[in-house]
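# Coordinate analysis (summary)
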Amino acid sequence: HLWNGAATTTTAGTDPTSTKGAMDPSGLVALTAAAATESGELERLLELARNGEIRDVEWQPEVYVNLTSLLTRSWNGLLSKTKSKSEREASVNELVVIMEINQRFRSAPEYDTALATAAGACDGDFVTTLMGHLETTTEEEHDFLRNTLHWLYAQVPSYRSTLRHQIGHMLLQTHRELFTTVILPLHTPNTFYEWRDQLPLLQTYHEPLVFVLLAFLEKEKEDEGQANGQTNASASAGAGAGVRSVVGLPLMDAIVRTLVQVWPEGHKSNTAKEVLLLHEYEMMVAVMDGPTFHRTLGIILPKIVSCIASDNWRLCEKVLSLWRSDHFVKLMSSDTAQAHLFLPPIMRALLRGGKPHWNPTVRRMTVLVLEALRTIDEQTFNATAAAQWGARAADKKKGTGALPTAQGASSSSSSSSVKSHVFAKPAPPPAVRA
């Protein structure tokens, strides 16, 4: 309704951007350029976009470039920390107008994506700026940014890999925050859901909780593999540094540390919950590799030793059942250089100073665990046994099945010799003999 019939060109002295006459292509270029500095021209451009008059003019490549410049300039303006509250509100309002203009241009059938890309309006710098702005976005921008991402992914196939990679990084950071602030704290409750049956509250949802943890670990492993592949490919092209530092998050370390932090002790002891935590650690071990296992073993080792030394048969059986797994024993044997760190405390807890556990099942499991520990590092095993029993006691029992000492241990010692001496009464101290 603002057009003058069939007029197609402007007359001398007429503003080419006036809505009272037809606009030529150069007029639209001038208007989009002036909108960057003059608020009146920005409002006029918004009016033309709303009433559809922009569709009656051929769009030059400069139009696409100017529209993108409008958007990126406004985004950069929001990053300024020197603006007052009123100035920031004005910038947000201006950004809302610019986003509507870009959206209306983009949704018009005349929008030529190939021409815009060729002109540099949708180049890699714009994609980088867009992805960087996603982390500082305001609520008013959510719909526009979502639509822009969908549009780029659909219309510019060459950017799909980059978009997937960047969005994957952002989602991984979000998952990490969800993991540490929501999932892990679910281990905290130490109360009972049913006191009569000693049913801990954690048990009511522990199985799905472990399933979620394993899913996070599996996703981390996949992302790490993809990131390593992309890093290698990018390195060959001279780019892509720093991918591993973002993707390779030690989620397993966070899980094991959480188990230790929420472990009930002292007057808050809760056998049922401790059994659940041991079961969860067993499930985590099943997906560990050697380096991860030895890195996290030092964190949880004090709890394992405490459970082995406990008089509670449920705790003892559960923690000793870890050695039933060939994978667990294999992981312990994967780095014999670390054996001197974990073998002595575990053996001291197993031997109990020569006083056997009151439960026969625990006694049998103890012998089996000792046999497994001997296969890991026999030299450290013998040295620990000699230090635990004393050289004189070891020499006295040598002919009747004593644990081998560090100086005289035969690799052919049978398991029966271990069994016969494990629960033998230790020699009394010198003062008692006197």
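Residues numbered from 1 in each chain as written. Predicted model: local features only at pLDDT ≥ 70, side-chain atom pairs only at ≥ 80, totals over all residues. Heavy atoms only, no water.

## Some points on the environment of tyrosine 205
Inspection of the secondary structure assignment puts tyrosine 205 in the loop between β2 (199-200) and α9 (206-236). Expressed as a C-alpha distance, the spacing of tyrosine 205 and histidine 187, which sit 18 residues apart in the sequence, is 9.9 Å. In contact with tyrosine 205, other than residues within four places in its own chain, are Leu186 and Pro189. (Helix = DSSP H or I, 4+ residues; strand = E, 2+ residues; numbered from the N terminus. Contact = heavy atoms within 4.5 Å.)

## Let's talk about the packing of helix α11 (residues 251-261) against helix α13 (residues 290-308)
Axis separation between α11 and α13 bottoms out at 9 Å; the angle between their running directions is 5 degrees. In terms of orientation, α11 lies roughly parallel with respect to α13. Residues Met252, Asp253, Val256, Arg257 and Val260 of α11 pack against Thr292, Arg295, Thr296, Ile299, Ile300 and Lys303 of α13. (Axes fitted to C-alpha atoms, helices over the stretch in contact; angles between N-to-C directions. Parallel < 35°, antiparallel > 145°, perpendicular 65-115°, else oblique.)

## A word on the side chain of asparagine 359
Mapped onto the elements, asparagine 359 comes out in the loop between α16 (339-351) and α17 (360-376). Residue classification places asparagine 359 among the buried positions, given a relative accessible area of 10%. Among the polar contacts listed, one links the side chain of asparagine 359 to the backbone nitrogen of threonine 361, at a separation of 2.9 Å. Ignoring sequence-local partners within four residues, the contact set of asparagine 359 consists of Trp313 and Glu317. (Buried < 20%, exposed > 50% of the residue type's maximum accessible area, 1.4 Å probe, protein only. Polar contact = N/O pair within 3.5 Å; in protein donor to acceptor, adjacent residues only side chain to side chain.)

## Considerations on the nonpolar core
Ranked by internal contacts, the top residues of the largest apolar core, which has 62 residues, are Tyr281, Trp323, Ile346 and Leu373. It is α13 that contributes the most residues to this core, 9 residues altogether. Setting aside chain neighbours within four positions, we find tyrosine 281 in contact with Leu259, Met288, Phe293, Leu297, Ile300, Ile304, Leu322 and Phe328. Counting residues in each nonpolar core, the second largest holds 44 residues, with Ala35, Ile101, Ala116 and Cys122 among its members. (Core = buried A, V, L, I, M, F, W, Y, C linked by side-chain atoms within 4.5 Å.)

## Notes on the environment of isoleucine 376
Take isoleucine 376: it is sitting in helix α17. Using a relative accessible area of 6% as the deciding quantity, one classes isoleucine 376 as buried. With 40 residues separating them along the chain, isoleucine 376 and threonine 336 place their C-alpha atoms 7.0 Å apart. When sequence neighbours within four positions are dropped, the list of residues in contact with isoleucine 376 reads Met332, Ser333, Thr336 and Phe342.

## Some points on the packing of aromatic side chains
The tally for this structure, following the rule as stated, stands at 9 aromatic pairs. Measuring from ring centre to ring centre gives 6.3 Å for tryptophan 75 and phenylalanine 126, while their planes differ by 15 degrees; the resulting arrangement is stacked. With tryptophan 75 in helix α3 (residues 61-78) and phenylalanine 126 in helix α6 (residues 124-133), this pair connects stretches of sequence that are 51 residues apart. Of the two residues examined, tryptophan 75 and phenylalanine 126, each falls in the buried class. Pairing phenylalanine 179 with phenylalanine 216 gives two aromatic rings, centres 5.0 Å apart and planes at 55 degrees, and the pair type is tilted. One end of the pair, phenylalanine 179, is in helix α8 (residues 160-183); the other, phenylalanine 216, is in helix α9, with 37 residues separating them in the sequence. In this structure, phenylalanine 179 and phenylalanine 216 share a single accessibility class: buried. One aromatic cluster in this structure is built from Trp59, Tyr64, Phe105, Tyr111 and Trp151. A cation sits over an aromatic face here: arginine 106 above tryptophan 151, 4.7 Å from the ring centre. For the cation-ring pair, arginine 160 lies above tyrosine 153, with the distance from its terminal atom to the ring centre recorded as 5.2 Å. (Phe/Tyr/Trp six-rings, centres within 6.5 Å; stacked < 30°, edge-to-face > 60°. Lys NZ or Arg CZ within 6 Å of the ring centre and 35° of its normal.)

## Comments concerning the confidence of the model for the protein
Across the protein, the average pLDDT comes to 79, with 78% of residues at 70 or higher. Contacts of residues 1-21 to residues separated by more than four positions or lying in other chains number 29 contacts, the stretch itself having pLDDT below 50. Across residues 399-434 the pLDDT falls below 50, and counting only partners more than four positions away or on other chains, this stretch makes 51 contacts in the model. (pLDDT = per-residue confidence, 0-100.)

## Re the pattern of salt bridges
Applying the stated criterion across every chain yields a total of 10 salt bridges. Arginine 73 is paired through a salt bridge with glutamate 94; the nearest N and O atoms lie 3.5 Å apart. Here the residue arginine 73 occupies a position in helix α3, and glutamate 94 occupies one in helix α4 (residues 85-107), the gap between them amounting to 21 residues. Glutamate 100 is paired through a salt bridge with arginine 104; the nearest N and O atoms lie 3.0 Å apart. In this pair, glutamate 100 and arginine 104 are both assigned in helix α4, 4 residues apart and thus about one turn of the helix distant. (Salt bridge = Lys/Arg side-chain N within 4 Å of Asp/Glu carboxyl O.)

## Brief notes about helix α15 (residues 326-333)
Among all positions in α15, only Phe328, Val329, Leu331 and Met332 are buried. Seen from one end, α15 has its buried residues packed into an arc of 160 degrees, which puts them on one side. Away from the buried face of α15 by more than 90 degrees, exposed residues Asp326 and Lys330 are located. Those residues of α15 that are buried lie in contact with α12 (271-285), α13, α16 and α17. Two or three places before histidine 327, at the opening of α15, serine 325 has a side-chain oxygen 3.3 Å from that residue's backbone nitrogen. (Arc of directions from axis to C-beta.)

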